[in-house]
Amino acid sequence: MNELTICSVFHSEHTKRYLELNRKLTDSLNSRRDWSWIAIDNTPADYSGSPLNPKAFRILRGVPFNEYVKTLEPWQDAFKTSMHLAYALNMALRQVETRFVAIIDGDLFIVRNEW
């Protein structure tokens, strides 16, 4: 049974590549596999990049940014990017069934052996 769920969000081909690299690093540096990884797909509706590997991640569809912005009040406009990310992370956290959870931003890399 998994002890840990990792949650991440990607919103473009660029951030998807970071997430894939992080998964490869995590796999190569750790012999234990008692964790799962949830990835929220916040790419635009017209995203034409390659898909994320569903064998490496549990992928959940988020809300495209242009659709999310329509739901905000005018006073929230200055926070729209942060709120979009937070909304996606909350979606992921509702799916967590493990004792521990780690929220890993797209540009943070796990590089320690046997973490």
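Residues numbered from 1 in each chain as written. Predicted model: local features only at pLDDT ≥ 70, side-chain atom pairs only at ≥ 80, totals over all residues. Heavy atoms only, no water.

Right, let's get into the packing of aromatic side chains. Applying the stated criterion across every chain yields a total of five aromatic pairs. Both rings, one in Tyr18 and one in Phe109, keep their centres 5.7 Å apart while their planes meet at 80 degrees; by these two values the pair is edge-to-face. Of the two residues, Tyr18 is situated in helix α1 (residues 13-29) and Phe109 in the segment after β4 (100-103); the sequence distance between them amounts to 91 residues. Residue Tyr18 is classed as partly exposed on the basis of its relative accessible area of 32%. For the pair Trp35 and Trp37, a centre-to-centre distance of 6.0 Å together with 70 degrees between the ring planes defines the contact as edge-to-face. Pair check on accessibility: Trp35 and Trp37 agree, each one buried. An aromatic cluster of three or more residues is present, and its members are Trp35, Trp37, Phe57 and Trp115. Arg23 extends its terminal NZ or CZ atom over the ring of Phe57, reaching a point 5.9 Å from the ring centre. (Phe/Tyr/Trp six-rings, centres within 6.5 Å; stacked < 30°, edge-to-face > 60°. Helix = DSSP H or I, 4+ residues; strand = E, 2+ residues; numbered from the N terminus. Buried < 20%, exposed > 50% of the residue type's maximum accessible area, 1.4 Å probe, protein only. Lys NZ or Arg CZ within 6 Å of the ring centre and 35° of its normal.)

Attention shifts here to unusual backbone geometry. Residue Glu114 is not a glycine yet carries a positive backbone phi of 45 degrees. Along the polypeptide, Glu114 turns up in the segment after β4. Owing to a relative accessible area of 47%, Glu114 belongs among the partly exposed residues under this scheme.

On to a nonpolar patch on the surface, then. Together, Leu93, Val101 and Ile103 make up an exposed nonpolar region whose accessible area comes to about 230 Å². On the secondary structure map, Ile103 appears in strand β4. (Patch = residues over 30% accessible without salt bridge, like charges linked within 9 Å, V, L, I, M, F, W, Y side chains within 5 Å. Areas by Shrake-Rupley, 256 points an atom, 1.4 Å probe, with all protein chains shown as cover. Salt bridge = Lys/Arg side-chain N within 4 Å of Asp/Glu carboxyl O.)

Next up on the list: the side chain of Thr98. Mapped onto the elements, Thr98 comes out in the loop between α3 (80-93) and β4. Judged by its relative accessible area of 19%, Thr98 falls in the buried class. A polar contact of 2.8 Å, which involves the side chain of Thr98, links it to the side chain of Thr5. Within the structure, the side chain of Thr98 is placed 2.7 Å from the backbone oxygen of Phe100, a separation counted as a polar contact. Setting aside anything within four residues of it in sequence, one finds Thr98 in contact with Asn2, Glu3, Leu4 and Thr5. (Polar contact = N/O pair within 3.5 Å; in protein donor to acceptor, adjacent residues only side chain to side chain. Contact = heavy atoms within 4.5 Å.)

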